[in-house]
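Read off the chains here:
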Amino acid sequence: MKRLSTTLVFILVPSVLGAADLNLTPRGVSGLIDMPDAFMLPDAESALSIARDKHLSTLNFTFQALPRLQTSLSFATYDDIGAGVSSENTSLNLKYALTDEGRVLPAISVGINGLFGNDRDAAEYIVASKTLAQTVEASVGLGWGRYGGTADVSAPFGQRPAFDTAKRASFDHLFKGDAGVFAGLLWHTPVDGLSLAAEYSSDTFANEALMPDSRFNFGARYEVSEGLTLGAYQRGGDTVGVTLTLSGNPNRPRVAQPVGAPPVFVGARSGAAQTWGSAASPDFDRLAGLLSEQGIQLQKAKLDGDVAAVRVVSWSNAAVPKVIGRTARVLAATSPQSVNVFDISLTLNDLPTKTFTIRRNDIHQLVDQPRGGSQVLANTGITGASDRAQTWDWQQQQQPGFYWSVAPRIQLDVTSDNEFDPVAVLNAFVKYTVSPSLSFVGVLDYLLAGDKNQDPAPALPTARSDNSSYDRSSVQLTQLAAVYQRKLSDTVYSRFSFGLLERGYGGASAEILWTPNASNLAFGIEVNEVKKRDYDDPFEFVDYTATTGHGSVYWDTGYKGVSAQLDVGKYLAGDWGGTVTLSRYHANGWDTSLSATLTEANKDEQLKLGLRVSIPLGWVAPTTTAQKSTLRLGGISGDAGARLNVSDRLYPKVRDAGDQRVYDSWGEFWK
Amino acid sequence: MMRAIVGACLLLSTACSSGGSNGQLWKLASEQLRDGRAGASQQVSKAEISRAQIDVLDLAIIRVEAPDQKLRTLALANRARGNRVSYLTPSKRQITLKGGLVVATQGFGFDLLPMQVESNDPIAFPLPPNRWPEAISRTYFTPGRGPDGQSWNVRCSYSAGDMVRITVAELNYTTRQMIETCEGGGAGFRNLYFVDERTGLAWQSRQWAGPDQGYLNVEVLEPLD
C-alpha cells in the first residue's frame, strides 16, 4: 500500500463546522468544477475537502487567510497512467483578489496553483467573475501551465521553460507558455443548497494523457447541512467524480457564546463595599472566594501601601483581558478605600506572564462607558511578571496535582490505491504536578482501528522515515518525562524536559524564551540531546543519537492576527536549515498556521509544507473549557526537516499574554 | 440532525478527564440535544409572568426575545447607574437599557458593547414623540479586534406611525408607533418602538443589537421608578 507522504490527523469535533456556500475545485480553490472563479470566501473561512475520481484523489485544506488572499494546501494522488511524473504531489495554491465585484465591473483575481510542487499541478490564471440576476455567477479567464493545455493563445508572455526538478521553488515559469481560455456558469438553484455548474475547461490533462472527449465539464453541489457539502462532477465526457467538503469559520461559532457568571457590579468608589476587610487586617480568603465566583483563582496577594497586588489564574478559555478586567472589577468593588492601584499578575500554564498595573479610579469611572476599554488600556502599565521570591501577605497552599484525560483521536491516511484508511487511536494522558515548576507527564496510545502491521526494523535507523517499523499492535508508551519550567527574570522563561519525550526519541531538552517588554517580538533557543527509541521495547534505545536545536524568532505582526515564526537550526537527521511558519489567530482561540521547511536534506526536493489548525471546543459547544481540537496536515513524516516533538514548548504557553494579543482582545476587558 | 451530529462528535472527541470540564461537556451536549427536541415552546413558557406576580416581586422587570437565538426570557433589574439599568436573566445573561434603548448585552449569543449615545437621543432619554429630533447619531460597538472592538457609527431618523393599543403583562397602553431608520458605517437597520405619548417610554420595541446578534424584542413589564 503506497501512502501519500502526508497523514491527516484530526479530532472529530471540528469536522462538523458551520459554513458559507462553498464551491471548491478538486484542488481546494473556490471555483466552478475544475476551473477557478474570481470570488473570495468569507474572511477566515476554512474548509477541508476531498475529491475522488478514477484518475485523481485530492485532500485539500482551504483557508481564506486574509480578505483578499485565499490559500489552499492540496495533497493530490494521481493514477500512474501518464508521463511518469510522480503520482503524488503536495502543492500550495494562492488566489489574490485584484478587484471586488462592483455594480458593473466584475471581480478580478489572479492565482497560482502548485507553488512549491512539481509541474503536474502548476497553473496560473487571471479570471473575472460577475453575478447575474442574483443567482448566476459567470466567470471567464485565461490560464497557463495546467490551465493552458488547450493553447488557445500562443505564449503571450513568452515560452514556458522546462520545469527544473532540481529547484525546490521555481518562479520563472509563472504565466509563461501557451494560454488557455476557460469560462463557466454557476447557478444557485431555487432548491435550497443546490447549485449547478457548467464550464468550458482549458485543462487537457496532458500529463495524464487522458485527452478528454470534450472541454465541457458539468457539476452539482448540495449543501446537506450547514458545513457539509456533497458534490458530483462529470469531466470531459468520460470521468465522473465526487466531492465532500467540511467547512467552518472562526467568526461564526456553531453555538452561542457561553454565558458564565456575570461581571461584578462596580459603582461609585465611595460606595465600595470593602468586603475583604481593611488595610490593617485584609481577609484574602474572602477575596479568593469573590474571585472564585468569577472563575478566577487567587494564587498570591498582598497589600503594600495603596497598592493591592494579586496573582491570579483562570482555567477557562477566557481571553487574558477578560480575566484581568474581572479581577479589577472585583478589586474595585471590594477593596479597602485606601487602595488606589491594582497590580494584577496573570499565570498561564503554571508560568507567571505579565503584570497589569491599573488605576482604581479608572475602573470606577469608565466601567460600562463607551470606549472605556481603550481608555483603561491607555492608563495601564504592562510589564513582565516575576517568579522570584517575593514577600506575599497571602499565598494559596500548593498541593501536588494530578490530571488525566482519555480521548479518542481519528486519523485519516490517504492512500494511492484509492482507499482511505481510517485509523482510530485511543490517547491517555496523565500529568502529576509536584509544584508549579515540576511535573511528570505520561502518554499512552492504543490503535483501536487501522493497519496494525509493523514493518521490519531498518538496517540503519532513520530520523522519521522508519515510523512504520514501530510496534502498533499493543499499547504504546508515547511519552514519560519530567518537565521543569521556571521564569528566570521578568521576561525570560526556561524549560528542561527529560525522559521519553516522544514515541521516536528520548533524552533531554532545554529551552530559553525571552519576551521583551513592550515588544511584539520574542526570541527562543532550544537544544536537545536525544537517542532514538527502540521499535518494540518502550524503554530501550537503538543506535541513533542526535543533537538538535533551533534558534527561534516569534513576531506578532499586529495585522489581522497574523504572526510569523522563524526557526533556524539543526534537525533530527543532522540537516541544517530553517522553518518559516505563518499563523493567523482569532480572539476566540482559532489558530491556523502554515509552515515551510527547507534544509540541506530537501534542497533538491519539494519544500516540506505543513498546516495546523487549532479549534477551541467553545466554538462548537457552549462551554468555557480551554480545550482545543487540532487538525494537522503534512509536515510530519520524512527525514528532511524532521523536528523533535516536545510537548511543553514555552512560546505557545505564554503567547496569549503577548502585548499584541492583549491589545487585540482588550475589548473583552469589561465582559 | 446537524445538532445531533455535533453533539455526538462532541461526546466522542472529548471523552473524559479529571478536570471536570469534559464531564460538563457531556451534560451540555445532551442538553443541547434535548433542547433541540423540546423546541421553543418550553422556553417561551418560562418567559411568562402574571401581573400579580410582578406586583409581588416589586422589581423592575423586562422581557427579552432574541429571535436569532430562539431565546425568550425575563430579566430583573439588578443594578442602576444614572438612567442606565442592567437587567439579569435567570441564566445570567445581561441586558442594559439606557432609558428604553438597549445599550449593551452580554450572553445573548453575540455581545453588544457599551453604546455611545447623544444627549438628545429620544430613546435613551425619553421624550414625548412630538418633541423628538429629526435625527440623532449613535455609535454601536461589537466584539472585534482592538480595545474597543468594532464600531458602527450610524445616523438615525424618525417617522411616526399610527396610534396602537398594546397589552404588556395584562396592562393596556395606548402608544405611538415610532420607526427609527439608521444607516452608516456599513450598517443599516430599522428599529420599531411603541412609545407612551405622555412620557416617551417605549413599552415595546424591536431593536438592532449588532450585525451578528440581529434584533432583540424588548417589553417593559415594570419600569424602574
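Residues numbered from 1 in each chain as written. Chains lettered and ligands numbered in written order. Predicted model: local features only at pLDDT ≥ 70, side-chain atom pairs only at ≥ 80, totals over all residues. Heavy atoms only, no water.

Peer 1: Is there a simple way to explain the overall build of chain A in this structure?
Peer 2: The helix and strand tally for chain A stands at 6 helices and 32 strands. Looking at chain A as a whole, 55% of its 671 residues qualify as buried. Long-range pairs, those at least 24 residues apart, make up 58% of the contacts in chain A with a sequence separation of at least 6. (Helix = DSSP H or I, 4+ residues; strand = E, 2+ residues; numbered from the N terminus. Buried < 20%, exposed > 50% of the residue type's maximum accessible area, 1.4 Å probe, protein only. Contact = heavy atoms within 4.5 Å.)

Peer 1: In this structure, what is going on with the overall build of chain B? I would like to understand it.
Peer 2: Along chain B, the regular secondary structure elements total 4 helices and 13 strands. Here chain B holds 225 residues, and the buried ones make up 49% of them. Considering only intrachain contacts with a sequence separation of at least 6, the fraction spanning at least 24 residues in chain B is 42%. When the accessible surface of chain B is totalled, it reaches about 10200 Å², and 50% of it is carbon and sulfur. (Areas by Shrake-Rupley, 256 points an atom, 1.4 Å probe, with all protein chains shown as cover.)

Peer 1: Mind showing me how you'd approach the confidence of the model for chain A here?
Peer 2: Should the pLDDT be low somewhere, the predicted coordinates at that spot are not to be read in detail. Residues and elements named next belong to chain A. Across chain A, pLDDT averages 86, with 89% of residues at or above 70. Considering each helix and strand of chain A separately, the mean pLDDT is smallest for strand 1 (residues 3–10), with a value of 37, and largest for strand 25 (residues 505–514), with 98. Under a pLDDT of 50 for its full length, residues 1–20 has, in the predicted model, 102 contacts with residues more than four places off or in other chains. (pLDDT = per-residue confidence, 0-100.)

Peer 1: Even after reading the chapter, I still don't get helix 1 (residues 284–292) of chain A, so can you show me in this structure?
Peer 2: Count 3.6 residues to each turn of an α-helix, and residues three or four apart come out pointing the same way. All names here are of chain A. For helix 1, the full list of buried residues reads Phe-284, Leu-287, Ala-288, Leu-290 and Leu-291. Taken down its axis, helix 1 places every buried residue within 160° of arc, on the same side. Looking at the packing, one finds that the buried side of helix 1 touches strand 14 (297–304), strand 15 (307–313), helix 2 (320–334) and strand 19 (394–395). Looking at where helix 1 begins, the residue whose side-chain oxygen comes 3.3 Å from the main-chain nitrogen of Asp-285 is Asp-283. (Arc of directions from axis to C-beta. Polar contact = N/O pair within 3.5 Å; in protein donor to acceptor, adjacent residues only side chain to side chain.)

Peer 1: Help me understand the pattern of salt bridges in this model?
Peer 2: A side chain with one charge may pair with a side chain of the opposite charge, provided their charged atoms come close. What the rule picks out here adds up to 36 salt bridges over all chains. Note that Arg146(A) and Asp121(A) form a salt bridge whose closest N and O atoms lie 4.0 Å from each other. Of this pair, Arg146(A) sits in the loop between strand 8 (136–145) and strand 9 (180–188) while Asp121(A) sits in the loop between strand 6 (107–115) and strand 7 (123–132); the two residues are 25 residues apart in sequence, bridging distant segments of the chain. Asp121(A) carries the same exposure label as Arg146(A), and that label is buried. In this structure, the salt-bridge partner of Arg138(B) is Asp121(B), at a minimum N-O distance of 2.6 Å. With Arg138(B) in strand 8 (residues 135–142) and Asp121(B) in the loop between strand 7 (113–117) and strand 8, the pair connects residues that are 17 residues apart, well separated along the chain. What you see here is one network of salt bridges that share partners, running through Asp556(A), Asp591(A), Arg655(A), Asp656(A) and Arg661(A). (Salt bridge = Lys/Arg side-chain N within 4 Å of Asp/Glu carboxyl O.)

Peer 1: What's the story with the side chain of His364(A) in this structure? I'm lost.
Peer 2: Mapped onto the elements, His364(A) comes out in helix 3 (residues 360–366). With relative accessibility at 4%, the residue His364(A) sits in the buried group. Of note is the side chain of His364(A), whose polar atom sits 3.4 Å from the backbone nitrogen of Arg269(A). The contacts of His364(A), once residues within four sequence positions are left out, are Val266(A), Gly267(A), Ala268(A), Arg269(A), Ala332(A) and Arg81(B).

Peer 1: Would you mind showing me how to read the sheet that holds strand 9 (residues 150–168) of chain B here?
Peer 2: The strands making up a sheet associate through backbone hydrogen bonding, with each pair oriented either parallel or antiparallel. Residues and elements named next belong to chain B. Here 12 strands make up an open sheet; going across it, the order is 6-5-4-3-2-13-12-11-10-9-8-7 and the pairing antiparallel. The sheet is open, and its two edges are formed by strand 6 (101–106) and strand 7, each paired on a single side. Averaged over all adjacent pairs, the angle separating strand axes in this sheet is 25°, with direction ignored. Pairing analysis gives 3 bridges linking strand 7 to strand 8, with the strands arranged antiparallel. Bridging from a neighbouring strand, Leu-113 pairs with Phe-141 of strand 8. (Pairing = 2+ DSSP bridges. Axes fitted to C-alpha atoms, helices over the stretch in contact; angles between N-to-C directions.)

Peer 1: Would you take a moment to explain the packing of aromatic side chains for this structure?
Peer 2: The geometry of an aromatic ring pair comes down to the distance between the two centres and the angle between the two planes. All chains considered together, the criterion is met by 20 aromatic pairs over all chains. Between the aromatic rings of Trp276(A) and Phe284(A), the centroid separation amounts to 5.4 Å while the plane-to-plane angle is 35°, which identifies the pairing as tilted. Given a relative accessible area of 5%, Phe284(A) falls into the buried group. With centroids separated by 6.3 Å and ring planes inclined at 80°, the aromatic side chains of Trp152(B) and Trp208(B) adopt a geometry described as edge-to-face. Of this pair, Trp152(B) sits in strand 9 while Trp208(B) sits in strand 12 (residues 202–208), and the two are 56 residues apart along the sequence. Comparing Trp152(B) with Trp208(B) shows no difference in burial state: the two are buried. Grouping aromatic residues by their ring pairs yields a cluster made of Phe356(A), Trp666(A), Phe669(A) and Trp670(A). The ring of Trp392(A) has Lys302(A) sitting right over it, with the charged end atom 5.7 Å from the ring centre. (Phe/Tyr/Trp six-rings, centres within 6.5 Å; stacked < 30°, edge-to-face > 60°. Lys NZ or Arg CZ within 6 Å of the ring centre and 35° of its normal.)

Peer 1: I'm lost on the domain arrangement of chain A in this one. Help?
Peer 2: Put simply, an interface is often sized by how much accessible area is lost when its parts join up. All names here are of chain A. Domain assignment breaks chain A into domain 1 (6–248), domain 2 (269–397) and domain 3 (401–650). Computed from C-alpha atoms alone, the centre-to-centre distance between domain 2 and domain 3 is 35 Å. Taken together, the contact between domain 2 and domain 3 spans 15 residues of the former and 15 residues of the latter. Between domain 2 and domain 3, a total of about 1300 Å² is buried, with carbon and sulfur atoms accounting for 44% of that surface. On the surface where domain 2 and domain 3 come into contact, there are 5 residue pairs in polar contact (both at pLDDT 80 or more). If you list the elements that add at least two residues to the side of domain 2 that touches domain 3, you get strand 17 (351–359) and strand 18 (381–384). (Domains from an automatic or database assignment. Buried area = accessible area lost by both parts, 1.4 Å probe.)

Peer 1: Whenever I open this one, the state of the cysteines confuses me. Can you help?
Peer 2: Disulfide: a covalent bond connecting the sulfur atoms of a pair of cysteines. Residues and elements named next belong to chain B. Summed over the entire model, instances satisfying the criterion amount to 1 disulfide over all chains. Here Cys-156 pairs with Cys-182 through a disulfide, and the sulfurs are 2.1 Å apart. One quick way to see it: the torsion about the S-S bond of Cys-156 and Cys-182 is about 110°, and its sign makes the bridge right-handed. Residue Cys-156 is found in strand 9, and its partner Cys-182 is found in strand 10 (residues 171–184); the two are separated by 26 residues along the sequence. A relative accessible area of 1% places Cys-156 in the buried class. (Disulfide = S-S within 2.5 Å.)

Peer 1: Before we go on, may I ask you to explain the sheet that holds strand 18 of chain A in this structure?
Peer 2: Residues and elements named next belong to chain A. In spatial order, the strands read 18-17-16-15-14-19; together these 6 strands make up an open sheet with mixed pairing. Edge positions in the sheet fall to strand 18 and strand 19, since each of these pairs with one other strand and no more. Lying on the sheet, helix 1 is in contact with strand 14, strand 15 and strand 19; it crosses strand 14 at an angle near 135°. Contacting strand 15, strand 16 (341–348) and strand 17, helix 2 crosses the sheet at an angle of about 140° to strand 16.

Peer 1: Teacher, can you tell me more about the environment of Ser247(A) here?
Peer 2: When you line up the elements, Ser247(A) lands in strand 13 (residues 239–248). Through-space distance from the C-alpha of Ser247(A) to that of Leu22(A) is 8.2 Å; in sequence the pair is 225 residues apart.

Peer 1: Looking at this structure, how should I read the nonpolar core?
Peer 2: In a soluble, globular protein the nonpolar side chains are often hidden away together inside. Core analysis: the largest hydrophobic core is formed by 50 residues, its most contacted members being Ile62(B), Tyr87(B), Ile95(B), Leu101(B), Tyr140(B) and Leu221(B). Considering every element that reaches this core, the biggest residue donor is strand 9 of chain B, with 6 residues. Core analysis: the second largest hydrophobic core is formed by 40 residues, Val266(A), Ala288(A), Leu331(A) and Leu346(A) among them. (Core = buried A, V, L, I, M, F, W, Y, C linked by side-chain atoms within 4.5 Å.)

Peer 1: I'm lost on helix 4 (residues 372–379) of chain A in this one. Help?
Peer 2: Residue and element names in this part refer to chain A. Of the positions making up helix 4, those classed as buried are Gly-372, Gly-373, Val-376 and Leu-377. The arc enclosing the buried residues of helix 4, seen along the axis, measures out at 135°, which places them on a common side. Where helix 4 is buried, its residues touch strand 17, helix 3, strand 18 and helix 6 (659–664).

Peer 1: Is there a simple way to explain a nonpolar patch on the surface in this structure?
Peer 2: All names here are of chain A. Together, Trp-514, Leu-521, Phe-523, Val-553, Trp-555, Leu-566, Val-568, Val-580 and Leu-582 line one region of the surface with nonpolar side chains, adding up to about 770 Å² of accessible area. As for its position among the elements, Trp-555 is in strand 27 (residues 541–559). Judged by its relative accessible area of 43%, Trp-555 falls in the partly exposed class. (Patch = residues over 30% accessible without salt bridge, like charges linked within 9 Å, V, L, I, M, F, W, Y side chains within 5 Å.)

Peer 1: Please clarify how the pairing of strand 12 (residues 228–235) of chain A should be interpreted in this entry.
Peer 2: Along a regular strand, successive side chains alternate from one face of the sheet to the other. Residues and elements named next belong to chain A. Side chains Thr-229, Gly-231, Tyr-233 and Arg-235 of strand 12 all project onto a buried face; the interleaved residues Leu-228, Leu-230, Ala-232 and Gln-234 project onto a face where none is buried. Across 8 bridges, strand 12 lies against strand 13 in antiparallel orientation. Looking at the pairing, Arg-235 lines up with Thr-239 of strand 13. Between the antiparallel neighbours strand 12 and strand 13 lie 3 residues, among them Gly-236 with a positive phi of about 60°.

Peer 1: What should I look at first to understand the confidence of the model for chain B in this one?
Peer 2: All names here are of chain B. Taken as a whole, chain B shows an average pLDDT of 81; of its residues, 80% reach a score of 70 or greater. Low confidence marks residues 1–15, where pLDDT is under 50. Its contacts with residues over four positions away, or in another chain, come to 45 contacts. Across the predicted assembly, pTM comes out at 0.83 and ipTM at 0.78.

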